[in-house]
Amino acid sequence: MSRRGWFFFSLVGLLWGVPYLFMKVAIEELSTPMIVFSRLVIGASLLVPLALKEGTLKGATKYWKYIALYAVLEMVIPWTLITNSQRSLSSGVVALLVATVPIWATLFAHHTGDSTAAHRTRIFGIAIGLVGISLIVGIESVSDFTNFVALAQILIAAASYAFAVNMITRKAPGTSGIAINGIAMTIAAIIFAPFAVYTWPSEVPSNEAILSTVGLGVICSGIAFRVFFLLIEEIGPARASLVVYPNTAVAVVLGVLVLREEITLALAIGLPLVLAGSY
């Protein structure tokens, strides 16, 4: 990999490892719809102008039905579930289970006719990853049903992420990722608008909550998506997808250092298995 490729890879790994910290801070004062809506509006306001400048927005609109479905599967469902889950789980555990996306992606690829997905090595990896998931879910939820529900939400979100990418890649081939995500964020923001208004905070949130929400939109949505597509251009989508591993490491480290979260037994046992299986 070139130095440019390593730079983009490292940068995306950092940018997409930070949102778990931001969400953990924001949910102390803001509703889930308010957090997600703000993130979507800010992200769309950054990506749509970029797509217009590139001249790719108009071409992407012909796939608007698939992009609308992508918006639901990639943003509405996962961002809601992941944000909700952080009310009862550590940011490290949340990030770790989101890192199972490659496992679900392999399953969906096989279902849609990708013969390479049935390779013995991949099947072995899925098995290892599923063992890790089972251990994490079992350990984290052994004494608290609320944790079990939160863990289930993250796994649904991870599967939704994987299916969304698989679907839009097949249905809108060769379409600008910036245009797709700019349109998708706009559609998702419209969906969330009434829920955000209904749960509007009665008091002005703290600076920490406001800055965390703005960070989710600017850093983790607008800038991160832009850099990720530069990374794809540099090293290809397959290798770029491996950025999920440093994301998890960054989230765990920030959780321990900033949020004072403990390295639980679930993390100690499940982290190596899930990452090894996904790899």
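For the structure, check the block above.
Described in the following lines is the structure provided in the data block. (Residues numbered from 1 in each chain as written. Predicted model: local features only at pLDDT ≥ 70, side-chain atom pairs only at ≥ 80, totals over all residues. Heavy atoms only, no water.)

1. Considerations on the overall build of the protein chain
Argument step 1. Within the protein chain, the secondary structure is distributed over 14 helices and 0 strands.
Argument step 2. Listed N to C, the secondary structure of the protein chain is α-α-α-α-α-α-α-α-α-α-α-α-α-α in terms of helices and strands.
Argument step 3. The dimensions of the protein chain, computed from C-alpha atoms along their principal axes, are 55 × 50 × 35 Å.
Argument step 4. The buried share among the 279 residues of the protein chain stands at 53%.
Argument step 5. Long-range pairs, those at least 24 residues apart, make up 89% of the contacts in the protein chain with a sequence separation of at least 6.
Argument step 6. Surface accessibility of the protein chain: about 13,200 Å² in total, with carbon and sulfur atoms responsible for 68%.
Argument step 7. Within the protein chain, the 13 negative side-chain charges are centred at a point lying 16 Å from the centre of the 16 positive side-chain charges. (Helix = DSSP H or I, 4+ residues; strand = E, 2+ residues; numbered from the N terminus. Buried < 20%, exposed > 50% of the residue type's maximum accessible area, 1.4 Å probe, protein only. Contact = heavy atoms within 4.5 Å. Areas by Shrake-Rupley, 256 points an atom, 1.4 Å probe, with all protein chains shown as cover. Lys, Arg positive; Asp, Glu negative; His and termini not counted. Charge placed at Lys NZ, Arg CZ, Asp CG, Glu CD.)

2. Here we look at unusual backbone geometry
Argument step 1. With phi around 60°, Arg-260 is a residue other than glycine that occupies positive phi space.
Argument step 2. Here Arg-260 shows up in the loop between α13 (244–257) and α14 (265–278).

3. Details of a nonpolar patch on the surface
Argument step 1. Side chains of Val-131, Leu-135, Leu-265 and Ile-269 sit close together on the surface and give an oily, nonpolar patch of about 320 Å² of accessible area.
Argument step 2. Contributions of two or more residues to the nonpolar patch are made by α8 (120–141) and α14.
Argument step 3. Among the structural elements, Leu-265 can be located in helix α14.
Argument step 4. Residue Leu-265 is classed as exposed on the basis of its relative accessible area of 52%. (Patch = residues over 30% accessible without salt bridge, like charges linked within 9 Å, V, L, I, M, F, W, Y side chains within 5 Å. Salt bridge = Lys/Arg side-chain N within 4 Å of Asp/Glu carboxyl O.)

4. A word on the environment of Pro-194
Argument step 1. With respect to the helices and strands, the residue Pro-194 is situated in helix α10 (residues 177–198).
Argument step 2. Separated by 157 residues in the primary sequence, Pro-194 and Phe-37 have C-alpha atoms spaced 9.6 Å apart.

5. So, the packing of aromatic side chains
Any two aromatic rings considered together are summarised by their centre-to-centre distance and by the angle between their planes.
Argument step 1. On inspection of all chains with the given rule, the structure shows 6 aromatic pairs.
Argument step 2. For the ring pair Trp-6 and Phe-9, a centre distance of 5.9 Å and an interplane angle of 85° mean the geometry is edge-to-face. Of this pair, Trp-6 and Phe-9 are both found in helix α1 (residues 3–15), 3 residues apart, which corresponds to roughly one turn of the helix.
Argument step 3. Owing to a relative accessible area of 13%, Phe-9 belongs among the buried residues under this scheme.
Argument step 4. Feature note: the residues Trp-16, Phe-225, Phe-228 and Phe-229 constitute an aromatic cluster, connected by ring pairs.
Argument step 5. Against the face of Trp-79 rests Arg-39, its NZ or CZ located 3.8 Å from the ring centre. (Phe/Tyr/Trp six-rings, centres within 6.5 Å; stacked < 30°, edge-to-face > 60°. Lys NZ or Arg CZ within 6 Å of the ring centre and 35° of its normal.)

6. Some details on the environment of Leu-254
Argument step 1. If you trace the backbone, Leu-254 turns up in helix α13.
Argument step 2. For the pair formed by Leu-254 and Ala-127, sequence separation is 127 residues and the distance between their alpha carbons is 29 Å.
Argument step 3. With sequence-adjacent residues up to four places away left out, Leu-254 is seen in contact with Gly-17, Val-18, Leu-21 and Leu-259.

7. Observations concerning the packing of helix α3 (residues 32–54) against helix α11 (residues 207–235)
Argument step 1. Between α3 and α11, whose axes approach to 8 Å, the crossing angle comes to 35°. In terms of crossing hand, the pair formed by α3 and α11 is right-handed. Contacts between α3 and α11 involve Ile-35, Ser-38, Arg-39, Ile-42, Gly-43, Leu-46, Leu-47, Leu-50 and Glu-54 on the former and, on the latter, Thr-213, Val-214, Leu-216, Gly-217, Val-218, Cys-220, Ser-221, Gly-222, Phe-225 and Arg-226.
Argument step 2. Looking at the contact of α3 with α11 residue by residue, the classes come out as 10 nonpolar, 6 polar and 3 charged. (Axes fitted to C-alpha atoms, helices over the stretch in contact; angles between N-to-C directions. Left-handed = near helix turned anticlockwise from the far one by under 90°. Nonpolar A, V, L, I, M, F, W, Y, C, P; charged D, E, K, R; others polar.)

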